[in-house]
Number of protein chains: 2
Amino acid sequence: MNPDALRGHMDALLLSVLEREPLHGYAIIEALQERSGGALSVPTGTVYPALRRLERIGHLSSEWATVGGRRRRTYRLTESGRKQLEGERSAWREFTSVIGSVLRAEASGPA
Amino acid sequence: MNPDALRGHMDALLLSVLEREPLHGYAIIEALQERSGGALSVPTGTVYPALRRLERIGHLSSEWATVGGRRRRTYRLTESGRKQLEGERSAWREFTSVIGSVLRAEASGPA
DNA sequence: ATCTACATATAGACAGCCTACATGTAGACT
DNA sequence: AGTCTACATGTAGGCTGTCTATATGTAGAT
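Reading guide: rules and limits
Within any chain, residue numbers begin from 1 and follow the written order of that chain's sequence. Labels are handed out in written order, letters beginning with A for the chains and numbers beginning with 1 for the ligands. Totals for whole chains, interfaces and linings use all residues, but because this is a predicted model, local features are given only for residues with pLDDT of at least 70 and pairs of side-chain atoms are given and counted only at 80 or more. To get the side-chain values, take all heavy atoms of the structure and skip hydrogens and water. Here, a salt bridge means any side-chain nitrogen of Lys or Arg that lies within 4 Å of a carboxyl oxygen of Asp or Glu. Labels follow the DSSP assignment, with helices taken as runs of H or I lasting at least four residues and strands as runs of E lasting at least two, numbered in each case from the N terminus. Summary of the burial criterion: residues with accessible area below 20% of their type's maximum are buried, those above 50% are exposed, and those between are partly exposed, where the area comes from a 1.4 Å probe applied to protein chains only. Paired strands, as defined in this entry, are two strands with at least two bridges between them according to DSSP. Any pair of residues with heavy atoms lying within 4.5 Å of one another is described as a contacting pair. Under this definition, polar contacts are N or O atom pairs within 3.5 Å; protein pairs additionally need one hydrogen-donor-capable and one acceptor-capable atom, and for neighbouring residues in sequence, both atoms have to be side-chain atoms. Ten residues, namely Ala, Val, Leu, Ile, Met, Phe, Trp, Tyr, Cys and Pro, are considered nonpolar, four, namely Asp, Glu, Lys and Arg, are considered charged, and the remaining ones, Gly among them, are considered polar. The fit set for superposing copies consists of C-alpha atoms from residues with pLDDT of at least 70 in both; the fit itself is least squares. Under this scheme, a helix contributes an axis fitted over its contacting stretch, all axes are lines through C-alpha atoms, and angles between N-to-C directions fall in the 0 to 180 degree range. With respect to orientation, any angle under 35 degrees is reported as roughly parallel, any angle over 145 as roughly antiparallel, any angle of 65 to 115 as roughly perpendicular, and every other angle as oblique. Each crossing gets its hand from how the near helix is turned against the far one by less than a right angle, where anticlockwise is left-handed and clockwise is right-handed. We define a nonpolar core as any set of buried Ala, Val, Leu, Ile, Met, Phe, Trp, Tyr and Cys residues linked to one another through side-chain atoms lying within 4.5 Å.

Colleague: Account for the pattern of salt bridges, naming residues and giving values.
Modeller: Residues and elements named next belong to chain B. Inspection of every chain in the model, using the stated rule, returns six salt bridges over all chains. A salt bridge links Asp 11 to Arg 53; its shortest N-O distance comes to 2.8 Å. Placement of Asp 11 in helix H2 (residues 10–17) and of Arg 53 in helix H4 (residues 44–56) is noted, with a sequence separation of 42 residues between them. On the basis of relative accessible area, Asp 11 is assigned to the buried category, the value being 17%. As a salt-bridge pair, Arg 73 and Glu 55 come within 4.0 Å of each other at their nearest N and O atoms.

Listed below in structure tokens is the structure:
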């Protein structure tokens, strides 16, 4: 998966994976792998900053927990985050529809 | 259409629009508008540099023409460009499939 | 004269994803 | 005791491609 292709869709992925339950960063990375059938290996250097950004703009909230001696920061969707996810989903549909319509255009000549 | 979303898909769009016939930059922008039903307004500052980049790496070739007193640089797909377009198309299918599978995952709780 | 459409081009800003690195705990295995 | 892997978070800096803004010029309509 070409990294550049993810540009602008990372938020949708993160919000989507947090929709059903709160998760910490490491678990989010695993969830993305699972849900994508192993195709998505998002590096920590992408996920952690993105989560912080999403929290900063109010789409996520977080709290620390210690489980088995390890510190976790668990993120959950805020109300704003749920609305944003809705928006991301419809933006995704529009995006694929628009790009798809260009890519699938018949290669038949003019006239 | 969020500009960031285009990242990494611009090449596919440009190659695709040049598949059926050679076009110059301005006409490419119009063709993208038409094919997308008006949804794609790609600025000249994006298209012209991108076309040059694609020519530099061998996917396009170009030649100057003068039509109605105006200078045009007409681009056409090279053989390499056609192969690249094939690759872009299958990458697009994979991309939409992977992201889609994450976004569409059921929001039902675990167990 | 002025305006719009046609037509190309570059400089610099911006943003976000990536690589690489740093830090630390827990448990298994030798 | 030492090593290795999995778990877990985080930052600095690089890269690159898209965008905004600007520049230049022709043709035709008003």
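Colleague: Help me get a handle on the pairing of strand S2 (residues 60–67) of chain A, residues and values and all.
Modeller: Put simply, side chains in a regular strand alternate between the two faces of the sheet. Residue and element names in this part refer to chain A. Looking at chain direction, S2 and strand S3 (residues 70–77) are connected through eight bridges and run antiparallel. Bridge pairing in S3 places Ser 61 opposite Arg 76. Turn length for the S2-S3 hairpin, with the two strands adjacent in sequence and antiparallel, is two residues, and the turn residue Gly 68 shows positive phi of about 60°.

Colleague: Break down the interface of chain B and chain A for me, citing the residues and quoting the values.
Modeller: How big an interface is tends to be stated in terms of accessible area lost as the parts join. With 35 residues of chain B at the interface, the matching set in chain A holds 35 residues. Connecting chain B to chain A are zero salt bridges. Where chain B packs against chain A, one counts eight residue pairs in polar contact (both at pLDDT 80 or more). At the level of elements, helix H1 (3–6), H2, helix H3 (25–35) and helix H5 (79–103) of chain B are the ones that each hand at least two residues to the side of chain B that touches chain A. Residue contributions to the side of chain B that touches chain A peak at 11 residues, all from H5(B). Looking at side-chain class alone, the side of chain B that touches chain A contains 17 nonpolar, nine polar and nine charged residues.

Colleague: Outline the relation of the copies chain B and chain A, listing residues and values.
Modeller: Its rotation angle being 180°, the transformation that places chain B on chain A also includes 0.0 Å of axial translation and leaves an RMSD of 0.0 Å. Each copy turns onto its partner about a two-fold axis. Minimal C-alpha separation from the rotation axis in chain B is found for Arg7(B), amounting to 3.1 Å. By residue overlap, the copies meet face to face through one surface: 100% of the interface positions of chain B are interface positions in chain A.

Colleague: So, the packing of helix H5 (residues 79–103) of chain A against H5(B): which residues are in play, and what are the values?
Modeller: Close contact between H5(A) and H5(B) brings their axes to 12 Å; oriented N to C, the two are set at 165°. Considering their axes alone, H5(A) and H5(B) lie roughly antiparallel with respect to each other. The hand of the H5(A)/H5(B) crossing is left-handed. Between H5(A) and H5(B), the residues in contact are Arg89(A), Trp92(A), Phe95(A), Thr96(A), Ile99(A), Gly100(A) and Leu103(A) and Arg89(B), Trp92(B), Phe95(B), Thr96(B), Ile99(B), Gly100(B) and Leu103(B), respectively. Its residues placed into classes, the contact of H5(A) with H5(B) shows eight nonpolar, four polar and two charged.

Colleague: Go over the nonpolar core with me, naming the residues and quoting the values.
Modeller: Of all hydrophobic cores here, the largest spans 62 residues; its most connected members are Leu13(A), Leu32(A) and Leu32(B). The contacts of Leu13(A), once residues within four sequence positions are left out, are Leu6(A), Leu32(A), Leu40(A), Ile99(B), Val102(B) and Leu103(B).

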